Amino acid sequence: MNHVIQRLDPQPQFILFTGDEVAGYTQDPNELRAQWRYWLDVEMRWVAERAIPIWHATSNHTTYDRMSEDIFAEALCHLPRNGAPGQEGLSYWLRLDDLLLVFVHTLCTDLGGEGYVETSWLREVLRQNKDAKHKIVVGHHPVFSVNGFSGAYGRDVGPECGPTFWDTLVEAGVLAYFCSHILAFDVQVHRGVLQVCTAGAGTGHRMPEGIEYLHCVQAALDDNGLRYQVLDTDGVAREGLSWPISLPPAENWRALPPGRHPAPSDILATAGRPIILRFSGTAATDGIGTEQTLLTAFDEGSRSKLWIGFRGAAQRLTVLMAPDKGRSPFYGLGPSVPAGRPFEFTIVIHPGMGPGGILVREGDESLWSSMSTTSPWGAERLRWPSTFGIGFAQQGKDDRPFRGWLNRCSLAVCGT
């Protein structure tokens with residue numbers, strides 16, 4: 001990955017390293033210092049030679065006890081010492097013109113260790129820098145589980161801290177939280193804030209094998225927002241995103257009335273671009289838990305590739321994708337709709353965002369969130385079928401019909 005980054009033109013203005021520079025987990029301080037010297041003087045010597053700033057987050061392999069916390073601060077003595085009380089050299093922040101970067105310590109020994117993160121200092125730093133146009137927070141542990149690899153403290157920020165931490169990001173208008181720990185690339189959005197997990201640039205393991213890959217992320221940030229591409233060891237862009245998403249103008253939306261229709265030709269011709277669907281209506285009142293179809297997409301004689309509707313007595317919005325014959329489907333879980341209540345959902349099916357690329361929001365003013373899933377793959381596997389069904393599933397009007405009132409179903413292709 002170093003060779004890929006060295007070939008980038010232009011070179012990065014700075015590098016964010018989200019943890020696990022060294023193997024760590026040794027009780028010998030001299031051995032740990034030797035690991036850091038190798039990483040800094042050999043592996044990353046080119047960064048110093050090119051005078052590219054590199055900013056680090058603490059992690060479970062580098063700050064696993066007080067001794068290792070001290071050596072982290074010692075080895076990376078260039079980092080600012082403006083962190084939370086007792087976390088000098090571990091948490092910190094810096095301001096680069098209109099960009100605020102805040103690095104949090106997601107395994108603070110004084111708070112309990114792995115999975116514990118301080119939020120009061122973070123809230124105050126964000127308040128003091130509320131005029132920053134772009135705010136990015138960097139840590140090691142995800143708040144929301146990645147690829148189904150879940151578990152408080154060991155894999156995610158613990159439940160005592162996670163909700164408050166994310167509330168703090170949302171309330172301050174943070175653009176993104178960059179993290180790692182899970183050996184994967186993954187992006188999700190929750191209440192309008194991106195969680196970008198990027199890890200595994202130099203490890204032999206993947207989470208899971210066969211899907212994830214060694215990578216780095218090349219990103220640009222300007223008045224138009226954040227754009228990134230994920231580069232593998234051959235320098236090939238495997239995934240990418242432009243955020244925020246720009247919705248198409250009203251004249252580009254296509255109404256999909258109830259019934260069976262050929263798939264719109266522009267859908268079939270736009271592989272790789274996000275598809276946006278809007279549904280509005282009134283939920284059923286009978287409280288029966290059977291599946292209710294809003295939209296399905298299929299080829300004749302084969303299982304539906306895409307199904308969107310409500311499931312269970314709570315009428316929970318659900319997206320199922322089954323692109324591979326004989327394999328279990330992707331389940332994306334969204335909000336529930338109370339019986340008899342009106343609803344209005346916009347759903348984005350984004351093939352560039354992996355499993356986090358099924359986004360939903362209620363109404364036009366609410367914030368985007370990724371549907372929850374345990375799948376390590378997403379809409380990148382979906383190839384749009386030839387037939388759409390609106391209001392019922394592929395076997396006809398008696399196949400999982402929608403039992404409420406569907407006021408509107410419309411579709412558009414997103415340009416970004």
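On a predicted model such as this, the values are computed, not experimentally measured, just so you know.

### Description of the packing of helix α2 (residues 29–43) against helix α4 (residues 66–75)
- Between α2 and α4, the shortest axis-to-axis distance is 10 Å and the interhelical angle comes to 35°. The crossing of α2 and α4 is right-handed. Where α2 approaches α4, its residues Pro29, Leu32, Arg33, Trp36 and Leu40 are matched on the opposing element by Met67, Ser68, Ile71, Phe72, Glu74 and Ala75.
- Of the residues belonging to the contact of α2 with α4, the class tally is 8 nonpolar, 1 polar and 2 charged.

### A short note on helix α5 (residues 120–128)
- Of the positions making up α5, those classed as buried are Trp121, Leu122, Val125 and Leu126. Summarising the axial view, the buried residues of α5 lie within an arc of 135°, below the 170-degree limit, and thus occupy one face.
- Elements in contact with the buried residues of α5: β3 (92–96), β4 (99–103), β5 (134–138) and α6 (162–171).

### Considerations on the packing of aromatic side chains
- Applying the stated criterion across every chain, the model contains 17 aromatic pairs.
- Relative to Phe103, the ring of Tyr92 has its centre 4.5 Å away and its plane inclined at 10°; by these criteria the two rings are stacked. In this pair, Tyr92 is assigned in strand β3 and Phe103 in strand β4, connecting sequence segments 11 residues apart. With respect to burial, Tyr92 and Phe103 carry one shared label: buried.
- Residues Phe165 and Tyr177 carry aromatic rings whose centres are separated by 5.2 Å and whose planes lie at 75° to one another, so their mutual orientation is edge-to-face. With Phe165 in helix α6 and Tyr177 in strand β6 (residues 176–179), this pair connects stretches of sequence that are 12 residues apart.
- Members of the aromatic cluster, connected to one another through ring pairs, are Phe17, Trp36, Trp39 and Phe72.
- Stacked on the ring of Tyr213, the Lys or Arg Arg238 has its end atom at 3.8 Å from the ring centre.
- It is Arg278 that lies over the ring of Trp253; its NZ or CZ is 4.3 Å from the centre.

### With respect to the nonpolar core
- Judged by nonpolar contacts, the single largest core of 54 residues is most densely connected at Trp36, Phe103, Val187, Leu194, Trp243 and Leu359.
- The residues touching Trp243, leaving out its near neighbours within four places in the chain, are Leu175, Val189, Gly192, Leu194, Asn224, Gly225, Leu226, Leu359 and Trp368.
- Core analysis: the second largest hydrophobic core is formed by 36 residues, Leu277, Ala297, Phe310 and Ala379 among them.

### Section: unusual backbone geometry
- With an omega dihedral of 10°, the bond running from Asp9 to Pro10 counts as a cis peptide bond.
- Relative to the elements of secondary structure, Pro10 occurs in the loop between α1 (2–6) and β1 (15–17).
- In this structure, Pro244 follows Trp243 across a cis peptide bond, with omega equal to 10°.
- Positioned with a positive phi, His181 is a non-glycine residue whose angle comes to about 75°.
- Its relative accessible area of 13% is what places His181 among the buried residues.
- The backbone of Gln315 shows a phi angle near 50°, a positive value even though the residue is not glycine.
- Structurally, Gln315 can be placed in the loop between β16 (306–311) and β17 (316–321).
- Assessed through its relative accessible area of 1%, Gln315 is described here as buried.

### Describing the sheet that holds strand β11 (residues 237–243)
- Judged by pairing direction, the sheet is antiparallel, and its 3 strands sit side by side in the order β9-β10-β11 without closing on themselves. The open sheet has two edge strands, β9 (216–222) and β11, and neither has a second partner. With strand direction ignored, the average angle separating the axes of adjacent strands in the sheet is 10°.

### Observations concerning the side chain of Glu21
- Mapped onto the elements of the fold, Glu21 is located in the loop between β1 and α2.
- Put simply, Glu21 is tucked away with no salt bridge, and the nearest opposite charge, on Arg81, sits 13 Å away.
- Excluding residues within four positions of it along the chain, Glu21 makes contact with Trp36, Trp39, His56, Ala57 and Thr62.

### Quick look at the pairing of strand β7 (residues 185–190)
- Of all 6 residues that make up β7, 6 are buried, and the element is covered over most of its length.
- Here β7 shows no split at all, with Phe185, Val187 and Val189 on one side and Asp186, Gln188 and His190 on the other all buried.
- Here β7 pairs with strand β8 (residues 193–198) via 6 bridges, running antiparallel. Paired with Asp186 across the two strands is Cys197, which belongs to β8.
- Count of turn residues in the β7/β8 antiparallel hairpin: 2 residues, of which Arg191 carries a positive phi of about 55°.

### Focus on the state of the cysteines
- Applying the stated criterion across every chain yields a total of 0 disulfides.
- This cysteine, Cys414, is not joined by any disulfide, and Cys409 carries the nearest cysteine sulfur, 17 Å off.

### Brief notes about the sheet that holds strand β13 (residues 259–262)
- With respect to topology, 6 strands assemble into an open sheet ordered β13-β22-β15-β16-β17-β18, the strand pairing being antiparallel. Strands at the two margins of the open sheet, each flanked by one partner only, are β13 and β18 (330–336). The average undirected angle you get between the axes of adjacent strands in this sheet is 15°.

Here is what the cut-offs are and how they apply
Residues numbered from 1 in each chain as written. Predicted model: local features only at pLDDT ≥ 70, side-chain atom pairs only at ≥ 80, totals over all residues. Heavy atoms only, no water. Axes fitted to C-alpha atoms, helices over the stretch in contact; angles between N-to-C directions. Helix = DSSP H or I, 4+ residues; strand = E, 2+ residues; numbered from the N terminus. Left-handed = near helix turned anticlockwise from the far one by under 90°. Contact = heavy atoms within 4.5 Å. Nonpolar A, V, L, I, M, F, W, Y, C, P; charged D, E, K, R; others polar. Buried < 20%, exposed > 50% of the residue type's maximum accessible area, 1.4 Å probe, protein only. Arc of directions from axis to C-beta. Phe/Tyr/Trp six-rings, centres within 6.5 Å; stacked < 30°, edge-to-face > 60°. Lys NZ or Arg CZ within 6 Å of the ring centre and 35° of its normal. Core = buried A, V, L, I, M, F, W, Y, C linked by side-chain atoms within 4.5 Å. Pairing = 2+ DSSP bridges. Lys, Arg positive; Asp, Glu negative; His and termini not counted. Salt bridge = Lys/Arg side-chain N within 4 Å of Asp/Glu carboxyl O. Disulfide = S-S within 2.5 Å.

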